[in-house]
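Letter by letter, the chains look like this.
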Amino acid sequence: MDAPDSRVVRQHLLDLQSGIVAALERFDGGSFREDAWQRPAGGGGLTRVIEEGHFFERGGVNFSHVIGDAMPASATARRPDLAGRAFEAMGVSLVLHPRNPYCPTVHMNVRFFIASHPDAAVAPPAAAPVWWFGGGMDLTPYYPYEEDVRAFHRACRAAVLPWGGEPEYRRLKEWCDRYFFLKHRNEPRGVGGLFFDDLGADGKTDFDAAFGLARSVGDAFLDAYLPIIERRRDVEYGDRERDFQAYRRGRYVEFNLVFDRGTLFGLQSGGRTESILMSLPPLVKWRYDWQPERGSAEARLYDEFLVPRDWC
């Protein structure tokens, strides 16, 4: 199978980044800073970040397109058959941390990889390029609003249904529940959403269908998230809520630095560290053996929301 033309994917990702940033700037009233960067080993990206905005305490919507001679260990650990292959990887990744604790943190990512055999003398099929898409989005609330979580999951479901129906939605929803799980804490990071990877790597998946699903997930993001923060942006909060938000943000940091595939790939492939770690929240707290007060809103988050559920 010939490698698909990555230029059409690249242009879509750049357009996706621009559209999301424009909508978020209208919502916040502030501006995203832009940093274009080059990677000495090949490729580069465009980092777009807002800090201390009117609504977002920190947020980033980043595009990267990196090229390398050998797949990083984080990728070949799952796919040892790709060890030693040259690669091209591109994607849009965003994380938004609102200041108001009643507004959830959100993450979305869509990415595309091509792994090519480095030896031009090797004949097909051994030298055939391997390509795949990955991505998804997930929600991390601090205070529980069932209306918000159900609406987010309904938007995720609607994005997937045209590309595999209910079985495919269930598969990606359950994959998300498994992936965004802190094994050392035995608890989910949030309330899930969608997650997929290696879509197309089997050599049998149609490129247009795989690209279509990835586009659909990225295009669904604003409809999934903006209505939630529009509903909650003016809810009053105090020190108690900010304190709990900072504590729960610690779980976000733990996941991203220990388990997140994108973070590990970016660091191991020599990506731009400032862009990779923009996903971390600006203010975080850890406490020793803290437990929520029984019957509190914080306890309800743990008891009713940080458990796998059929939100649709």
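As annotated in an unreviewed UniProt entry, the protein is Oxygen-dependent coproporphyrinogen-III oxidase from Aromatoleum buckelii. Under the heading Subcellular location (unreviewed entry), UniProt records this for the protein: "Cytoplasm". The UniProt entry for the protein carries the following comment under Catalytic activity (unreviewed entry): "coproporphyrinogen III + O2 + 2 H(+) = protoporphyrinogen IX + 2 CO2 + 2 H2O".

Some points on the pairing of strand β2 (residues 43-51)
Across the 9 residues of β2, 7 count as buried, placing the element largely inside the fold. Sheet topology places strand β1 (residues 33-38) next to β2; 6 bridges connect them, and they run antiparallel. For Q38, the partnering residue across the bridge sits in β2 and is G44. Both β2 and strand β3 (residues 56-68) contribute to a ladder of 7 bridges, which runs antiparallel. Along β3, the bridge assignment pairs V49 with G60. The turn linking β2 back onto β3 is made up of 4 residues, and E52 within it adopts a positive phi angle of 55°.

Some remarks on the packing of helix α6 (residues 239-258) against helix α9 (residues 297-305)
Between α6 and α9, whose axes approach to 11 Å, the crossing angle comes to 30°. Judged on the interaxial angle alone, α9 and α6 are roughly parallel. Contacts between α6 and α9 involve R240, F244, Y247, R248 and R251 from the first element and E298, L301 and Y302 from the second. For the contact of α6 with α9, the per-class residue count stands at 4 nonpolar, no polar and 4 charged.

Section: the environment of F27
Within the secondary structure, F27 sits in helix α1 (residues 6-28). Residues F27 and L226, spaced 199 residues apart in sequence, show a C-alpha to C-alpha distance of 8.4 Å. The residues contacting F27, other than those within four sequence positions of it, are F55, F56, L226, I229, E230 and R233.

Looking at the sheet that holds strand β6 (residues 130-140)
Overall, antiparallel pairing links the 7 strands, which are arranged β1-β2-β3-β4-β5-β6-β9 in an open sheet. Two strands in the sheet have a free side with no partner beyond their single neighbour: β1 and β9 (192-199). The sheet shows a mean angle of 5° between the axes of neighbouring strands, direction not considered. Sheet analysis places β3 next to strand β4 (residues 86-98), joined by 12 bridges and oriented antiparallel. Across the sheet, G59 pairs through a bridge with L96, a residue of β4. Seen against the sheet, helix α5 (residues 207-232) touches β3, β4, β5 (105-116), β6 and β9 and runs at an angle of roughly 15° to β6.

Some points on α9
Every buried residue belonging to α9 is among E298, A299, L301, Y302 and F305, and all of these are buried. On its buried side, α9 packs onto α3 (146-160), β8 (187-188) and α6.

Observations concerning the UniProt feature "binding site: substrate" (unreviewed entry) in the protein
As recorded in UniProt, the sites labelled "binding site: substrate" (unreviewed entry) are S93, N109, V110, R111, G270, G271 and R272. Mapped onto the elements of the fold, G271 is located in the loop between α7 (261-268) and α8 (273-276). When residues no more than four places from it in sequence are discounted, the contact partners of G271 are G266 and I276. Looking at R272, the relative accessible area reads 26%, which means it is partly exposed. Those residues within four positions of R272 in sequence are excluded, and the remaining contacts are D35, W37 and T47.

Reading the values: the criteria
All residue numbers here refer to positions counted from 1 along the written sequence of the relevant chain. Residue-level local features of this predicted model are given only where pLDDT is at least 70; pairs of side-chain atoms are given and counted only at 80 or more, and the full residue set underlies all totals for whole chains, interfaces and linings. With hydrogens and water set aside, each side-chain value is computed from the structure's full complement of heavy atoms. UniProt positions are given in the numbering used here, feature names are shortened, and annotations may be inferred rather than shown by experiment. For every residue, the accessible area (1.4 Å probe, protein chains only) is compared with the maximum for its type, and the residue is labelled buried under 20%, exposed over 50%, or partly exposed between those bounds. The helix count covers DSSP runs of H or I at least four residues long, the strand count covers runs of E at least two residues long, and both are numbered beginning at the N terminus. Paired strands, as defined in this entry, are two strands with at least two bridges between them according to DSSP. Geometry is summarised by axes, namely lines fitted to C-alpha atoms with helices restricted to the contacting stretch, and by angles between N-to-C directions that run from 0 to 180 degrees. Relative orientations are named as follows: roughly parallel for angles under 35 degrees, roughly antiparallel for angles over 145 degrees, roughly perpendicular for angles from 65 to 115 degrees, and oblique for any other angle. Only heavy atoms matter for contacts: two residues are in contact if any of them lie within 4.5 Å across the pair. Charged residues are taken to be Asp, Glu, Lys and Arg, nonpolar residues to be Ala, Val, Leu, Ile, Met, Phe, Trp, Tyr, Cys and Pro, and polar residues to be all remaining types, Gly included.

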